[in-house]
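If you want the building blocks of each chain, they are given just below.
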Amino acid sequence: MNLRFSHIIKNLVTVLAVTLFFSCENDFDEVQKVGVFQNQPIGEAENIDLKYTEFLEDTVRLKANLISPQMFDYSNRDFAFSEFPKGILLKVYDKDGKLTTITSRYAIFYTETDIIDLRGNVTITTHQKERLVTEQLYYNEKLEWVFTNEPWKFTQASGTKYGVGFDSDKDFKNFQMLEMGGDFELDN
């Protein structure tokens, strides 16, 4: 009887082990989908019209207006960012209310570093009708510094300048060109 009972226990353990082994499904496609969901944005927005204002005594002043057809929020990532896959139109107003517009076909804002990466027909147009065009432009908000390593074209009343790569302060007063061409006026 002890032998028979031992035999029944062995059979039950074997059946249980086989059942557990075959009931565990490890579909590689399902495992990959888990990784995809973790890489999805935490938020999505359409037709963004974001206004950045500043309160001065009794008045409110509009400093900037960001317009974009689509934004993805990846703040759930270790290196958080916001992506604008369909581009942006950014209207920036100075203290006198004069307008500078910035457009691009694609943009990424990196939250931790405060760097904005603009790509695809990046165009900056000032209230003085100066115009900068390049394929990629970075803006460091902390340092208020603009830079690119791509070819660029800068048009103003005195003529057109072009080159490859530059960096500058946000007002283009400290403009350093890596390679340049065009017409220049020099003061003696």
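Residues numbered from 1 in each chain as written. Predicted model: local features only at pLDDT ≥ 70, side-chain atom pairs only at ≥ 80, totals over all residues. Heavy atoms only, no water.

### What to know about the pattern of salt bridges
Let me state the cut-off plainly: Note on definitions: salt bridges are taken to be side-chain nitrogens of Lys or Arg within 4 Å of carboxyl oxygens of Asp or Glu. Exposed residues in this analysis have more than 50% of their type's maximum accessible area, buried residues have under 20%, and partly exposed residues fall in between, with area computed by a 1.4 Å probe over protein chains only.
Within the structure shown, the criterion is met by four salt bridges. The partner of lysine 51 in a salt bridge is aspartate 49, and the shortest N-O contact between them spans 3.2 Å. Judged by relative accessible area, aspartate 49 falls into the partly exposed class, the value being 47%. As a salt-bridge pair, arginine 119 and aspartate 117 come within 2.7 Å of each other at their nearest N and O atoms.

### Considering the pairing of strand β4 (residues 88–93)
Defined as follows: For two strands to be treated as a pair, DSSP must find at least two bridges joining them. For the purposes of this entry, the term helix denotes a DSSP run of H or I that reaches at least four residues, the term strand denotes a run of E that reaches at least two, and both are numbered from the N terminus.
Bridging between strand β2 (residues 59–73) and β4 involves four bridges; their strand directions are antiparallel. The partner of leucine 66 across the bridge, within β4, is leucine 90. As judged from the six bridges shared by β4 and strand β5 (residues 99–104), these two strands associate in the antiparallel manner. Among the inter-strand pairings, lysine 91 is bridged to a residue of β5, identified as threonine 101. In this antiparallel pair of consecutive strands, β4 and β5, the connection spans five residues, and glycine 97 shows a positive phi of 85 degrees.

### Focus on the pairing of strand β9 (residues 145–156)
Here strand β8 (residues 131–140) pairs with β9 via seven bridges, running antiparallel. Looking at β9, one finds that leucine 132 is bridged to phenylalanine 154. Relative to strand β10 (residues 159–169), β9 is paired through ten bridges, and the arrangement is antiparallel. Its bridge partner lying in β10, tryptophan 145 is registered against aspartate 169. Here β9 folds back onto β10, and the loop between the two strands holds two residues.

### Some words on the packing of aromatic side chains
This is how the line gets drawn: Only Phe, Tyr and Trp rings are paired, with Trp represented by its six-membered ring, and only when their centres lie within 6.5 Å; those with planes under 30 degrees apart are stacked, over 60 edge-to-face, the remainder tilted.
Per the stated rule, a full pass over the model turns up five aromatic pairs. On the basis of an interplanar angle of 50 degrees and a centroid distance of 6.1 Å, the ring pair of phenylalanine 81 and tyrosine 110 is categorised as tilted. Of the two residues, phenylalanine 81 is situated in strand β3 (residues 81–84) and tyrosine 110 in strand β6 (residues 106–110); the sequence distance between them amounts to 29 residues. Phenylalanine 81 sits in the buried class, given a relative accessible area of 15%. Aromatic side chains tryptophan 152 and phenylalanine 166 sit 5.7 Å apart centroid to centroid with 80 degrees between the ring planes, which places their arrangement in the edge-to-face category. Of this pair, tryptophan 152 sits in strand β9 while phenylalanine 166 sits in strand β10, and the two are 14 residues apart along the sequence.

### As for the nonpolar core
This is how it is decided: What is meant by a nonpolar core is a set of buried Ala, Val, Leu, Ile, Met, Phe, Trp, Tyr and Cys residues, joined one to another through side-chain atoms within 4.5 Å. Whether two residues are in contact is decided by their heavy atoms: any pair within 4.5 Å suffices.
Judged by nonpolar contacts, the single largest core of 20 residues is most densely connected at Phe84, Ile88, Leu90, Leu118, Leu132, Leu137 and Phe166. When contributions to this core are tallied by element, the ones reaching two or more residues are β2, β4, β7 (115–125), β8 and β9. Per element, the largest residue contribution to this core is four residues, and it comes from β7. Leaving out residues up to four positions away in the same chain, phenylalanine 84 has contacts with Leu66, Ser68, Gln70, Met71, Arg105, Tyr106 and Ala107. If you look at the next biggest cluster of nonpolar residues, it comprises six residues, including Phe72, Tyr74, Phe81 and Ile108.

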